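Structural description and commentary
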Amino acid sequence: MNNSNNNNKILEIKELKREFRMGTEIVRALKGVSFDVSPGEFVTIMGSSGSGKTTLLNVLGCLDKPSDGTYLLDGVNIGQLSRDELARLRNRKIGFVFQAYNLLARTSALENVELPLFYNSALTASDRRERAIKALEAVKLAERLDHMPNQLSGGQQQRVAIARALVNEPVMILADEATGNLDTRTSYEIMALLQELNQNGKTIVFVTHEPDIAAFSSRTVMLRDGRVIKDSKNENIKSARQALADLPVTDDY
Amino acid sequence: MNFFNLIRIALRALQRNKLRAFLTMLGIIIGVGAVIAMVAIGQGSKQSIQDQLSSMGSNMITIRPNSNSTVGGGARLDATNLQTLKLEDVQAIERQAKFITAVSPQVSGRGQAISGALNWPTSIQGVAPNYLDIRDWELKDGVPFSDNDVKAASKVCLIGQTVVENLFSAGESPVGKTIRFNKIPFKVIGVLSEKGENAFGQDQDDIILAPYSTVQKRILAIPYIQNIYAAALDENSSAQATAEVSEILRTAHKLKATDDDDFTVRTQAELINTFSSTSQLLTVLLAAIAGISLVVGGIGIMNIMYVSVTERTKEIGLRMSIGARGIDILLQFLIEAILISITGGIIGIILGITASRLITVFLSWPTLVSESSIVLSFLVCTVTGVFFGYYPAVKASRLDPIEALRYE
C-alpha cells in the first residue's frame, strides 16, 4: 500500500482524543491515547468500565471518529474519511467479533459468514460461498454449514462469528468482550482458536476487562480514565489449549 | 454493492419472516384484488349496457308525442293516448330530412294471440317495412312485408321467437300458418331472429310486427300514430338529425316560435351516454372504495416496516459494522417494501381476475377486466411500496452503528 509507513504498522494511534457533549457538559472519554500495533500481535486492551475502553474500541473499529489526534489503520488516516468510506474500510480491513455474537437469526451459519462479502461487489456468488466455507473450516465448523444459530451452542455461535470476521481477510480482528457470554471452558476454547489464528499471522485486538483472558495475549494495554497507564509485552503467554487441558473434568455436568 | 446483491439480501430478510411478509402483503393483495374486481364489475355492466343499447341501433331516433302538452281542460294524458303525431309527419320527414335514411311510424297494442289450441298474451306493433332496418333486426325465416302490404292493410305478420315458442309446437315452422290476434287472423310470413332481453330486462322476442295500416285500422281503430322511429345517417350525425326532425315537425304542427314542442325527439346515443355515465360513476365509486383499501394496505406496509426497523436495529448495526453503507441499508429496506408490494400486487391481480370470473360464473354479473386497471393497480402498488417504504428505510439508514449495535 502506497501510504503505509516504513514500519508497516497495522494501527498507529497518536494523542487520540474523543469528547462527547452531554448537554452543557463535555465528557472527555479519551484524553490522549497513543500506541501502535504491529502485524501479528495479539493485543488485549484492558480497563474497568469508564476507562474509555468502549470509546477506543469504537474508534479502532472505524465506527466513530476521534475528536483530535490521529488514527492510521493500515496506513489510512480515518479522521479524514466520510461515513461511506469508513463503511468500506470496515468491510475490507476489520473483522468484528461481538460479545453477543450478533448472528442473524433464522439464517444458516454459511449465510451469516457470507454476509460481509455481500457488501463487496467485486465478489461473485461462488467466490462468496468458497470463502465462507474456508472461513468456517478455519473455525472447525465445516460440518455445521447449514445449521441455524439456534441449533448451535454459544461457543459454536461465537466461532461462526469469528469465521464471519475472518471471511473478508481483514488486517485486524477486533474482538469486543468476545468471551463475555461464555463459560470458562468455552472461553478457553475460543481463546485457543484465536491463539491459533494469531500464530497463523492474524493481528488480533481484544477488548476485555478480564485479566484472566489477557494472559493469553502477547501484549496488554491498560486504560484508566481515558489514558494508557500500562503498555507491556507479555513475556509468559499462557497457552489456552494447555489451560483447557488443565480444567478439572468435574466442570462438566 | 451491486443491485443484485441488494435484492438477494432483501429476499433473504423477507424469507426469515415469511408469515409477517405475507400478512403485510395481504393488505396489498386485498386492495389490488378489490380494485380489479370492482372496476371489472363496473366496466362489465357499462359494456353490457352499451352493447345492448347499440344493438337496438345506435343511430336510432325515437319521436314521441310530448305528454307535457295538454288536451282541453288541462289534464295530462298518457303518451300513447296523445294524438299529435300523424302519418303526414312521417311523410314530411321522409321528404325533407337530409340526415335521416329511414323513417317508420309505429303503433302498438296488447292482446291475446291464438294459434290452434295455444294462446299467448303479447303485443302487436304496427310499423313500416323499413322498421327492421331502423332497429337493425333480421329475419330468421320467411320474408318481410312490403309497402304494398301497408297500402292494402294486409293481414300479414312477422313474429318473434317467444311468440313462436308459445304458439307453435317444437319443430313446427310457423311461416305460412295463420294466427289470430284479438280474433283477427294474421298470416305469418316471417320469423324474427332471436334478440334476448334488452338492457331493461324486457323480452325483445315477445312481439308481433304487422303493417301499421293494418294495426291502425283493424286492431286499434285509430287514425293517428303513437311513435315515429327513424335512422340517422350514422351515429355522429344523430344530433343534426334530431335538430332537423324537430324543425320539420314544428313546421308540420304549425307551432309558433313561443310554443313548446308537442313531441320529444330522443336519440339512442343520448340514451347510451346517460347509461354510460351512470355506470361510469358506479365504476369510479367502486374503484374509490377499493382504492381506500389499497391505501390502507400501503399504510400496513409502512407500519410493519417501521416495526421491522426497530426490531432489527441490532441487525442494522451489525450490517453497518461489517461494511454496509447508509445507502445499502436504505435500499435493502426499500427493496423489501417494494418486493412485498409488487408480490402482493401480482397475487392481487390474479385474485382480482379470478374473483371477476367467479362473479360472472356464479352471480351472472357481466365483468370486464381491463388491461388499464391491471397496469394502473400494479403501478399504484409499486408506488405505494416506494412511498410507504421510504421513510422507514431512511430511518434505518440513519441509525448510528454504535448505538444500533448496543440496542437491546
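Everything quoted here is computed from the prediction, not taken from an experiment. (Residues numbered from 1 in each chain as written. Chains lettered and ligands numbered in written order. Predicted model: local features only at pLDDT ≥ 70, side-chain atom pairs only at ≥ 80, totals over all residues.)

**Comments concerning the overall build of chain A**
Along the backbone of chain A there are eight helices and ten strands. Relative to its length of 253 residues, chain A is compact, with a C-alpha radius of gyration of 18 Å against a globular reference of 18 Å. Across its three principal axes, chain A shows a C-alpha extent of roughly 50 × 45 × 40 Å. Burial analysis of chain A (253 residues in total) assigns 45% to the buried set. Considering only contacts in chain A between residues 6 or more positions apart, those separated by 24 or more positions represent 69%. (Helix = DSSP H or I, 4+ residues; strand = E, 2+ residues; numbered from the N terminus. Rg over C-alpha atoms; globule rule 2.2 N^0.38 Å. Buried ≥ 20, exposed ≤ 12 C-beta atoms within 10 Å, placed from the backbone. Contact = placed C-beta atoms within 7 Å.)

**A look at the interface of chain B and chain A**
On the chain A side, the residues contacting the 19 residues of chain B number 22 residues. Of all the secondary structure elements, the ones that give two or more residues to the side of chain B that touches chain A are α1 (3–15), α10 (313–321), α11 (326–363) and α13 (401–406) of chain B. By residue number, the principal contributor to the side of chain B that touches chain A is α10 of chain B, which donates five residues. Tallied by class, the residues present in the side of chain B that touches chain A amount to eight nonpolar, five polar and six charged. (Nonpolar A, V, L, I, M, F, W, Y, C, P; charged D, E, K, R; others polar.)

**Regarding the confidence of the model for chain A**
Residues and elements named next belong to chain A. Across chain A, pLDDT averages 90, with 96% of residues at or above 70. Predicted confidence in chain A is weakest over helix α7 (residues 211–214), with a mean pLDDT of 88, and strongest over strand β3 (residues 42–46), with 95. Taken as a whole, residues 1–6 scores under 50 in pLDDT and shows seven contacts with residues more than four places along the chain or in a different chain. (pLDDT = per-residue confidence, 0-100.)

**Things to note about the sheet that holds strand β10 (residues 227–233) of chain A**
Working definition: the strands of a sheet are paired by backbone hydrogen bonds and lie parallel or antiparallel to each other. Residue and element names in this part refer to chain A. Across the sheet, six strands lie side by side as β6-β7-β8-β3-β9-β10; this open sheet has mixed pairing. Pairing within the sheet leaves two strands with one partner each, and these edge strands are β6 (94–97) and β10. Taken pair by pair, the neighbouring strands of this sheet meet at an average axis angle of 15°, ignoring direction. Relative to strand β9 (residues 219–224), β3 runs parallel, the two sharing four bridges. (Pairing = 2+ DSSP bridges. Axes fitted to C-alpha atoms, helices over the stretch in contact; angles between N-to-C directions.)

**Some remarks on the UniProt feature "transmembrane region" (unreviewed entry) in chain B**
Residue and element names in this part refer to chain B. Per the UniProt record, "transmembrane region" (unreviewed entry) is found at residues 21–42, 281–308, 329–353 and 373–391. Counted over residues 21–42, helix gives 100% and strand 0%. Its end C-alpha atoms are 32 Å apart. Helix makes up 100% of residues 373–391 and strand 0%. Its end C-alpha atoms lie 28 Å apart. (UniProt positions renumbered as here; feature names shortened; annotations may be inferred.)

**Some remarks on the sheet that holds strand β5 (residues 76–77) of chain A**
Residue and element names in this part refer to chain A. As summarised here, the arrangement of the four strands in space is β2-β1-β4-β5, forming an open sheet in which the pairing is antiparallel. A single partner strand is all that each edge strand has here, and the edge strands are β2 (25–37) and β5. The pairing of strand β4 (residues 68–73) with β5 spans two bridges and is classified as antiparallel. The residue bridging Leu-72 from the neighbouring strand is Asn-77, located in β5.

**With respect to the packing of α11 of chain B against helix α12 (residues 371–397) of chain B**
Residue and element names in this part refer to chain B. Running from N to C, α11 and α12 cross one another at 155°; their axes reach a closest spacing of 7 Å. Taken together, the axes of α11 and α12 lie roughly antiparallel to each other. As for the relative orientation of α11 and α12, their crossing is right-handed in sense. Within the contact of α11 with α12, the residues separate by chemical class into 20 nonpolar, ten polar and no charged. (Parallel < 35°, antiparallel > 145°, perpendicular 65-115°, else oblique. Left-handed = near helix turned anticlockwise from the far one by under 90°.)

**Quick notes on the domain arrangement of chain B**
In terms of domains, chain B is made up of domain 1 (3–53 + 274–406) and domain 2 (67–261). For domain 1 of chain B and domain 2 of chain B, the distance between their C-alpha centroids amounts to 56 Å. (Domains from an automatic or database assignment.)

**Describing the pairing of β4 of chain A**
Of the pairings in the sheet, the one linking strand β1 (residues 11–22) of chain A to β4 of chain A comprises five bridges and is antiparallel in character. Considered in β4 of chain A, the bridge of Lys-17 of chain A is made with Asp-68 of chain A.

**Digging into helix α8 (residues 238–252) of chain B**
Residues and elements named next belong to chain B. For α8, built from 15 residues, the straight-helix expectation of 21 Å at 1.5 Å per residue is met to within 8% by its first-to-last C-alpha distance of 21 Å. At its buried positions, α8 is contacted by β1 (60–65), α3 (87–96), β4 (100–115), β11 (227–232), β12 (263–267) and α9 (268–311). Positive backbone phi, at 55°, marks Lys-254, one or two positions downstream of α8. (Expected span 1.5 Å × (residues − 1).)

**Re unusual backbone geometry**
Glycine aside, a negative phi is what most residues show, and trans is what most peptide bonds show. Residues and elements named next belong to chain A. One non-glycine residue, Asp-74, adopts positive backbone phi at about 50°. Relative to the elements of secondary structure, Asp-74 occurs in the loop between β4 and β5. Of note in this structure, Asn-102 is not a glycine but carries a positive phi near 55°. The residue Asn-102 is located in the loop between β6 and α3 (109–118) in this model.

**Some remarks on the nonpolar core**
Counting 120 residues, the largest nonpolar core has Val-113 and Ala-163 of chain A as its most contacted members. Counting residues per element, this core draws most heavily on helix α2 (residues 18–55) of chain B, which supplies 14 residues. With near-sequence residues (within four places) excluded, Ala-163 of chain A lies in contact with Val-113, Ala-135, Leu-136, Ala-138, Val-139 and Leu-141 of chain A. Counting residues in each nonpolar core, the second largest holds 53 residues, with Ile-100, Val-107, Phe-181 and Ile-228 of chain B among its members. (Core = buried A, V, L, I, M, F, W, Y, C linked by C-beta atoms within 7 Å.)

**Quick notes on the UniProt feature "domain: ABC3 transporter permease C-terminal" (unreviewed entry) in chain B**
Those residues carrying the UniProt feature "domain: ABC3 transporter permease C-terminal" (unreviewed entry) are residues 288–401 of chain B in this numbering. For residues 288–401 of chain B, the end-to-end C-alpha separation is 43 Å, with 87% helix and 0% strand making up the annotated structure.

**A closer look at the confidence of the model for chain B**
Summarising the model, chain B shows a mean pLDDT of 86, and 94% of its residues fall at 70 or more. Predicted as a complex, the structure gets a pTM of 0.72 and an ipTM equal to 0.91.

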